[in-house]
Amino acid sequence: MSSYFHMQSITTQLVAGKRVLVRVDVDVELAPGGKTIANDFKLRAQLPTLEWLKAQGARLILAGHLGRPDGKRNIAFSLKPA
């Protein structure tokens, strides 16, 4: 048995009609006050993958988080702005 995990390219997978769980990086820089995004580079960088999956007929489920310091819910870390 191999001691490493070999990840296949997403472009080799048949995704039409399937639900695809995508872990997205939404840890973005927020503007002062935390209600708007100051830098959306990370979000825009993920768009080609999401658009490709949709074009192939995948049903997308996006999962992400901003954090939960000390294990406590904090509205400052809401995904709403993203």
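A quick note: this is a predicted structure, and the numbers were derived from the prediction, not measured.

### Notes on the overall build of the chain
Along the chain, the regular secondary structure elements total one helix and four strands. Listing the helices and strands of the chain from first to last along the sequence gives β-β-β-α-β. By the compact-globule yardstick of 12 Å for 82 residues, the chain is too spread out, its C-alpha radius of gyration being 16 Å. Its C-alpha atoms give the chain principal-axis dimensions of roughly 45 × 35 × 20 Å. A fraction of 65% describes how many contacts in the chain between residues 6 or more apart in sequence connect residues 24 or more apart. Roughly 6900 Å² of accessible area belongs to the chain as shown, and the carbon and sulfur atoms make up 56% of that amount. Across the chain, the 12 positively charged side chains and the 6 negatively charged ones have centroids separated by 11 Å.

### Side note on the pattern of salt bridges
This model, assessed by the stated rule, comprises two salt bridges. One salt bridge connects Lys-42 with Asp-25, and the closest N-O pair in it is separated by 3.8 Å. Separated by 17 residues along the polypeptide, Lys-42 in helix H1 (residues 41-55) and Asp-25 in the loop between strand S1 (19-23) and strand S2 (29-30) bring together distant segments of the chain. Judged by its relative accessible area of 35%, Lys-42 falls in the partly exposed class. Residue class for Asp-25 comes out partly exposed when judged on its relative accessible area of 33%. Two residues, Asp-40 and Arg-44, come together in a salt bridge whose shortest N-O distance is 2.8 Å. Looking at Asp-40, the relative accessible area reads 31%, which means it is partly exposed.

### Comments concerning the environment of Asn-74
Mapping Asn-74 onto the fold places it in the segment after strand S4 (59-63). A residue is classified by how much of its surface remains accessible, and Asn-74, at 38% relative accessible area, is partly exposed. Separated by 52 residues in sequence, Asn-74 and Val-22 have C-alpha atoms that sit 24 Å apart.

### Describing the pairing of S1
Residues Val-20 and Val-22 of S1 are buried on one face, while the alternating residues Arg-19, Leu-21 and Arg-23, pointing to the opposite face, are not. Pairing between S1 and S4: five bridges, direction parallel. Paired with Leu-21 across the two strands is Ile-61, which belongs to S4.

### Thoughts on the side chain of Gln-46
With respect to the helices and strands, the residue Gln-46 is situated in helix H1. Gln-46 gets classed as buried once you look at its relative accessible area, which sits at 16%. Polar contacts involving the side chain of Gln-46 include one to the main-chain carbonyl oxygen of Lys-42, which spans 2.8 Å. What Gln-46 contacts, discounting residues up to four positions off in sequence, is Val-24 and Asp-25.

Definitions and limits used
Residues numbered from 1 in each chain as written. Predicted model: local features only at pLDDT ≥ 70, side-chain atom pairs only at ≥ 80, totals over all residues. Heavy atoms only, no water. Helix = DSSP H or I, 4+ residues; strand = E, 2+ residues; numbered from the N terminus. Rg over C-alpha atoms; globule rule 2.2 N^0.38 Å. Contact = heavy atoms within 4.5 Å. Areas by Shrake-Rupley, 256 points an atom, 1.4 Å probe, with all protein chains shown as cover. Lys, Arg positive; Asp, Glu negative; His and termini not counted. Charge placed at Lys NZ, Arg CZ, Asp CG, Glu CD. Salt bridge = Lys/Arg side-chain N within 4 Å of Asp/Glu carboxyl O. Buried < 20%, exposed > 50% of the residue type's maximum accessible area, 1.4 Å probe, protein only. Pairing = 2+ DSSP bridges. Polar contact = N/O pair within 3.5 Å; in protein donor to acceptor, adjacent residues only side chain to side chain.

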